[in-house]
Amino acid sequence: MLQNRARAGGSLDPVSRLIQTPLKPVIVGLDGLGDQSATFWSGVRDANQLRTENQKLRDELTAVRNYLDSADAQESRIRDLRGTMNLPGLGKQKIFADIIAYVPYDNRVTLSAGEAQGVQPNLPVVTVNGLLAVVSTVSKNTCQATLLTSSAVQVGGLVQGLAPVPGLVKGQTSQRLVMDVFDDAGLEIAPGANVVTTGYSEFIPRGIKIGTVTETFRDVDFGVRRVFILPSARIGMTKEVVILK
Amino acid sequence: MKSFLNAVAWAVVIALACCVQVTLLARMNLFGGRIDLPLVVALSLALVSRPSAGALAGFWSGLVLGALSGATLTHYALSRVLAGYFSGSMSKYEPEWRSGALLVALGSLIAGMILVILAPPPALGVALRDTILSAIYNGVVAMPIFALVRKLLRPKVV
């Protein structure tokens, strides 16, 4: 009755207060311990559920990562395909093909187009980045093309600038092309200048990008300026190519 | 004087058991049942005392636990007074630790049932199940506690 009256008044009854006051420090101390204990026991109790949930989340994360990787790859492929489709023909007929094999030792690739599609030797193989290779041999449905980075290939190149400088570009390493030009007085070739095909050829039209000048070197003995070029199209950048006929 | 100090010491022990109950044991719920440490201590004490002392131990445990948990003091105190009296009346048989644990379980069941009668819960079936489970848990916990109390309070043979 005493308790009910105190409760009705919104306060604690005297008996409860009398008991609680001396025990309060003990309860506060044990309460902190209780929180830790409760966390521990809830962890033990829910361990199985937590493990299942954790595994499920891991699986979902893996699936999302796979999806994102796949989406990135597909997006990149679509971009390449669009670029290849929109490549300028430069007055030539475009034959679309895929790189189906690569022989690094020979600097050679196999393409999925051949005689049946109208491919002939010496035709340029172009990607969205620029000139990649030149067709060397042709079979019925495939052909072999030698990469521009091969020392066996020589292509007429034109360093673009105020006064365009022509020369013969040939491969030196898988990452570098070289072009020798006569070292005339007043010849200026700045690093960063674009190098394109000259078009002085029966097969390769003018204006296909070959690469970018990285440095030049004056060879006094031969009286030439050696121009080093970073090829713009390299193997591995894309799978889709166009053969210009 | 010695018996008075003993009583005070046991009152403190029961009060501390109540503190442990409201802070730690109240959160440990196994299939709805909970260990009731103050009741186990009070009933263990009652089993080696006279019925009046048992009733007093039960009353004190009910009063402190009710005060700390904010429950109705009358219900807790009365249910435990009766359970303590019952246990105290069993002390004449001088139970050993196994039968003592069984009697603590029985006393817990009596206290729980009286509490259910005094303060009827909304779901009676669930409350009865929880009361039975709690009595079983109390019986298990009583084994070491009753053995200890018995060892401390048993009259020495000289």
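Structural data are supplied above this passage.
The structure reproduced in this document is the subject of the present report.

Parameters and conventions
- Residues numbered from 1 in each chain as written.
- Chains lettered and ligands numbered in written order.
- Predicted model: local features only at pLDDT ≥ 70, side-chain atom pairs only at ≥ 80, totals over all residues.
- Heavy atoms only, no water.
- Helix = DSSP H or I, 4+ residues; strand = E, 2+ residues; numbered from the N terminus.
- Contact = heavy atoms within 4.5 Å.
- Areas by Shrake-Rupley, 256 points an atom, 1.4 Å probe, with all protein chains shown as cover.
- Pairing = 2+ DSSP bridges.
- Axes fitted to C-alpha atoms, helices over the stretch in contact; angles between N-to-C directions.
- Buried area = accessible area lost by both parts, 1.4 Å probe.
- Salt bridge = Lys/Arg side-chain N within 4 Å of Asp/Glu carboxyl O.
- Polar contact = N/O pair within 3.5 Å; in protein donor to acceptor, adjacent residues only side chain to side chain.
- Nonpolar A, V, L, I, M, F, W, Y, C, P; charged D, E, K, R; others polar.
- Expected span 1.5 Å × (residues − 1).
- Disulfide = S-S within 2.5 Å.
- Buried < 20%, exposed > 50% of the residue type's maximum accessible area, 1.4 Å probe, protein only.
- 1 Å grid on protein atoms, 1.4 Å probe; cavity = no way out; pocket = protein on both sides within 12 Å on 5 of 7 lines; lining within 4 Å.
- Points joined across faces, edges and corners; volume = space filled by probe spheres on them.

## Considering the overall build of chain B
Each helix and strand counted, chain B has six helices and zero strands in total. Looking at chain B alone, contacts between residues at least 24 apart form 73% of all its contacts between residues at least 6 apart. Total accessible area computed for chain B in this model is approximately 8100 Å², and 73% of it derives from carbon and sulfur atoms.

## Observations regarding the sheet that holds strand E2 (residues 108-111) of chain A
Residue and element names in this part refer to chain A. Judged by pairing direction, the barrel is antiparallel, and its six strands sit side by side in the order E1-E2-E5-E4-E3-E12 before closing back on the first. When the angles between neighbouring strand axes are averaged without regard to direction, this sheet yields 45 degrees. Here strand E3 (residues 124-127) runs beside strand E12 (residues 240-244); their pairing, made up of two bridges, is antiparallel. Note that in E12 the partner of valine 125 across the bridge is isoleucine 243.

## Looking at the interface of chain B and chain A
Facing 17 residues of chain B, the contacting portion of chain A comprises 18 residues. For the pair chain B and chain A, the summed buried area comes to about 1400 Å², and 69% of that belongs to carbon and sulfur atoms. At the boundary of chain B and chain A, one finds zero salt bridges. In this assembly, chain B and chain A are joined by one residue pair in polar contact (both at pLDDT 80 or more). When residues of the side of chain B that touches chain A are traced back to their parent elements, those giving at least two are helix H1 (2-23) and helix H3 (51-69) of chain B. Ranked by residue count, the leading element in the side of chain B that touches chain A is H1 of chain B, at six residues. Per-class residue counts for the side of chain B that touches chain A are 13 nonpolar, three polar and one charged.

## Some thoughts on the pairing of strand E9 (residues 194-197) of chain A
Residue and element names in this part refer to chain A. Alignment of strand E6 (residues 154-159) against E9, held across three bridges, turns out to be antiparallel. The partner of leucine 158 across the bridge, within E9, is valine 196. Of the strand pairs in this sheet, E9 and strand E10 (residues 209-219) are connected by three bridges, and their pairing is antiparallel. Bridge pairing in E10 links valine 196 to lysine 209.

## Some remarks on helix H5 (residues 97-118) of chain B
The terminal C-alpha atoms of H5 of chain B lie 31 Å apart, and with 22 residues this matches the ideal 32 Å at 1.5 Å per residue to within 8%. Buried-residue contacts for H5 of chain B involve helix H2 (37-46), helix H4 (73-89) and helix H6 (124-153) of chain B.

## Observations concerning the sheet that holds strand E8 (residues 176-182) of chain A
Backbone hydrogen bonds are what pair the strands of a sheet, in a parallel or an antiparallel way. Residue and element names in this part refer to chain A. Spatially, six strands are ordered E6-E7-E8-E11-E10-E9 in a closed barrel, and the strand pairing comes out antiparallel. Neighbour to neighbour, the strand axes of the sheet diverge by 45 degrees on average, direction disregarded. Relative to strand E11 (residues 224-231), E8 runs antiparallel, the two being bridged by six bridges. Paired with valine 178 across the two strands is phenylalanine 228, which belongs to E11.

## Focus on the state of the cysteines
Enumeration according to the criterion identifies zero disulfides over all chains in this entry. A disulfide-free cysteine, cysteine 18 of chain B has its sulfur positioned 7.0 Å from the sulfur of cysteine 19 of chain B, the nearest such atom.

## Brief notes about the pattern of salt bridges
All names here are of chain A. Inspection of every chain in the model, using the stated rule, returns seven salt bridges over all chains. Between aspartate 106 and arginine 108 there is a salt bridge whose closest N-O contact spans 3.1 Å. Here arginine 108 falls in the partly exposed class, since its relative accessible area comes to 24%. Among the ionic pairs, glutamate 215 bridges to arginine 176, the shortest N-O distance being 3.4 Å. One end of the pair, glutamate 215, is in strand E10; the other, arginine 176, is in strand E8, with 39 residues separating them in the sequence. For glutamate 215, a relative accessible area of 39% corresponds to the partly exposed category.

## Quick word on the side chain of glutamine 144 of chain A
All names here are of chain A. With respect to the helices, strands and loops of the structure, glutamine 144 is situated in strand E5 (residues 143-147). Here the side chain of glutamine 144 touches arginine 108 through a polar contact of 2.5 Å, side chain to side chain. Beyond its immediate chain neighbours, meaning those up to four positions away, glutamine 144 contacts Arg108, Val109, Thr110, Val134, Val135, Ser136 and Thr137.

## Re the layout of surface pockets
To locate leftover empty space, one rolls a probe as large as a water molecule over the atoms. All names here are of chain B. Each pocket or cavity is described by its volume, and for the largest pocket that value is around 770 Å³. Lining the largest pocket are 23 residues, and of these Leu45, Val48, Ser49, Ala53 and Leu153 lie nearest its centre. At the level of elements, H1, H3 and H6 are the ones that each hand at least two residues to the lining of the largest pocket. When residues in the lining of the largest pocket are grouped by element, the largest group, six residues, is from H1. Of the residues contributing to the lining of the largest pocket, the split by class is 15 nonpolar, four polar and four charged.

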